[in-house]
Amino acid sequence: MPELPEVETVRDGLARHVLGAVVTDVEVLRDYSVRRHDGGPRDFRNQLLGQRLDAAVRRGKFLWLPLVPAGTARGAAAPDGDPAAALLAHLGMSGQLLVRSGPGLGERSPHLRVRVVLEPDGLGPAGALALDFVDQRTFGHLSVQDLVPTPDGAPGGLGSDLAAVPGPVAHIGRDLLDPALRRDDVVEAIRRRRTGVKRALLDQTVVSGVGNIYADEALWRARLHYARATDTLRRPEAHRLLDAAAEVMSEALVQGGTSFDSLYVNVNGQSGYFSRSLAVYGQEGEPCPRCGTPVRRDEFMNRSSYTCLRCQPRPRNGRW
């Protein structure tokens, strides 16, 4: 599943390629891909037509493009005073947002679910650009959602100064690359949990954007076992873990994210290369880069956890 670095790579691509473009047509080829839109496929199309893509914003694994009517000044509210809305995307396990232009407009993936046809910058010829939502496994979804104010009055996510988020994102915690995140608050939230540290790190209401891959890599860097009880973590240990998670995701972001197959790509269809730098995830039986001990794989929440038992000794019953 795409995690924060992969989704941020896509957000950055959207910010560079589609901002200012006006929606001129929408094709919904699979109704299930807009299942989270309350009004169904026809209303989804109607709410997008004539809207300009005003920004590209991300919180955790959620992406959204705030919408304003064509001709509205950047960052301004709709002239009728209605709540601002956004095109919200969650990539699920295999979702891709691909920008098509020129000869690429003739390309139609067999897994194309939604095509948003755009007029570039509101000036170019209609249909000269398209944003394709391609999703092989169909766990991802698109919808148009009203924006609601953020409780803390800070910007809703990376990529916009607007202190608002789509309604379905309001319960999602800020992520470790968000300047508005209060690290001390996250540390206390983790230590209040009565669970294993990896489960807390994956809880998107505590801190968003961390998935299985980067959780394992962060725990290895912080020398913590995934089963360590959160209420036994000392504050410096929790801070070390968050620092490690932010560090590994920042490094992955530079390399365009992690790709294990053709399902994760950026808006140009290019894969990331951070998988070549993974220390433990997917490395069962390989020597730990730090001490040489073979990496161990354990079943974890219907997935896998990878650890070095020398660098990350398993606590007895989760406690020391």
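Since we're looking at a predicted model, the values are computed, not measured.

## Here we look at the overall build of the protein
Part 1 of the argument: Along the protein, the regular secondary structure elements total six helices and 12 strands.
Part 2 of the argument: Burial statistics for the protein: of 320 residues in total, 54% are counted as buried.
Part 3 of the argument: Of the roughly 14100 Å² that the protein leaves accessible, carbon and sulfur atoms contribute 47%.

## A short note on unusual backbone geometry
Part 1 of the argument: Phi at T138 takes a positive value of approximately 60°, unusual for a residue other than glycine.
Part 2 of the argument: Within the secondary structure layout, T138 lies in the loop between β8 (129-135) and β9 (141-149).
Part 3 of the argument: A residue is classified by how much of its surface remains accessible, and T138, at 13% relative accessible area, is buried.
Part 4 of the argument: Although it is not a glycine, M301 adopts a positive phi angle of roughly 50°.
Part 5 of the argument: The topology assignment puts M301 in the loop between β11 (296-300) and β12 (303-307).

## Some points on the pattern of salt bridges
Part 1 of the argument: Under the counting rule described, the total for this entry stands at 24 salt bridges.
Part 2 of the argument: Taking the shortest distance from any N to any O, the salt bridge between R115 and D132 comes out at 2.7 Å. Here R115, found in strand β7 (residues 112-119), pairs with D132, found in strand β8; they are 17 residues apart in sequence, far enough to count as distant. Of the two residues, R115 and D132, both sit in the buried class.
Part 3 of the argument: With its nearest N and O atoms 2.7 Å apart, the salt bridge here joins R221 to E251. With a gap of 30 residues between them, R221 in helix α5 (residues 212-222) and E251 in helix α6 (residues 235-254) connect regions that are remote in the sequence.
Part 4 of the argument: Residue E251 is classed as partly exposed on the basis of its relative accessible area of 32%.
Part 5 of the argument: Members of the salt-bridge network, linked through shared partners, are E8, R11, R58 and D175.

## Digging into the pairing of strand β5 (residues 85-90)
Part 1 of the argument: In terms of burial, β5 is largely enclosed, as six of its six residues are buried.
Part 2 of the argument: On β5, burial covers both faces: A85, L87 and A89 on one face and A86, L88 and H90 on the other are all buried.
Part 3 of the argument: Here strand β4 (residues 62-69) runs beside β5; their pairing, made up of six bridges, is antiparallel. Considered in β5, the bridge of L65 is made with L87.

## Observations concerning the packing of aromatic side chains
Part 1 of the argument: Counted according to the given criterion, the structure contains two aromatic pairs.
Part 2 of the argument: Look at Y226 and F300: their rings are 5.4 Å apart centre to centre, the planes differ by 70°, and that puts the pair in the edge-to-face class. Here Y226 is found in the loop between α5 and α6, whereas its partner F300 is found in strand β11, with 74 residues between them in sequence.
Part 3 of the argument: Exposure remark for Y226: the relative accessible area of 8% places this residue in the buried category.
Part 4 of the argument: Under the relative-accessibility criterion, F300 is labelled buried at 8%.
Part 5 of the argument: Lying over the aromatic face of W220, R290 brings its terminal NZ or CZ to 4.0 Å of the ring centre.

## So, helix α1 (residues 4-17)
Part 1 of the argument: Here α1 spans 20 Å end to end across 14 residues, near enough to the 20 Å set by a 1.5 Å rise per residue.
Part 2 of the argument: Listing the buried residues of α1 in full gives L4, P5, E6, V7, E8, T9, V10, R11, G13 and L14.
Part 3 of the argument: Next to the buried residues of α1 lie β3 (57-59), β4, β6 (95-101), β8, α5 and α6.

## Thoughts on the state of the cysteines
Should the sulfur atoms of two cysteines be covalently bonded, the bond is a disulfide.
Part 1 of the argument: According to the stated counting rule, one finds zero disulfides in the structure shown.
Part 2 of the argument: Between C311, a cysteine without a disulfide, and C308, which holds the nearest cysteine sulfur, the sulfur-to-sulfur distance is 3.7 Å.

## Some points on the confidence of the model for the protein
Detailed reading of predicted coordinates is not advised where the pLDDT is low.
Part 1 of the argument: Residue-level pLDDT values for the protein average 88, and 87% of them are 70 or greater.
Part 2 of the argument: Segment residues 257-266: pLDDT under 50, and 47 contacts once partners within four positions in sequence are set aside and those in other chains are kept.

Cut-offs applied
- Residues numbered from 1 in each chain as written.
- Predicted model: local features only at pLDDT ≥ 70, side-chain atom pairs only at ≥ 80, totals over all residues.
- Heavy atoms only, no water.
- Helix = DSSP H or I, 4+ residues; strand = E, 2+ residues; numbered from the N terminus.
- Buried < 20%, exposed > 50% of the residue type's maximum accessible area, 1.4 Å probe, protein only.
- Areas by Shrake-Rupley, 256 points an atom, 1.4 Å probe, with all protein chains shown as cover.
- Salt bridge = Lys/Arg side-chain N within 4 Å of Asp/Glu carboxyl O.
- Pairing = 2+ DSSP bridges.
- Phe/Tyr/Trp six-rings, centres within 6.5 Å; stacked < 30°, edge-to-face > 60°.
- Lys NZ or Arg CZ within 6 Å of the ring centre and 35° of its normal.
- Expected span 1.5 Å × (residues − 1).
- Contact = heavy atoms within 4.5 Å.
- Disulfide = S-S within 2.5 Å.
- pLDDT = per-residue confidence, 0-100.

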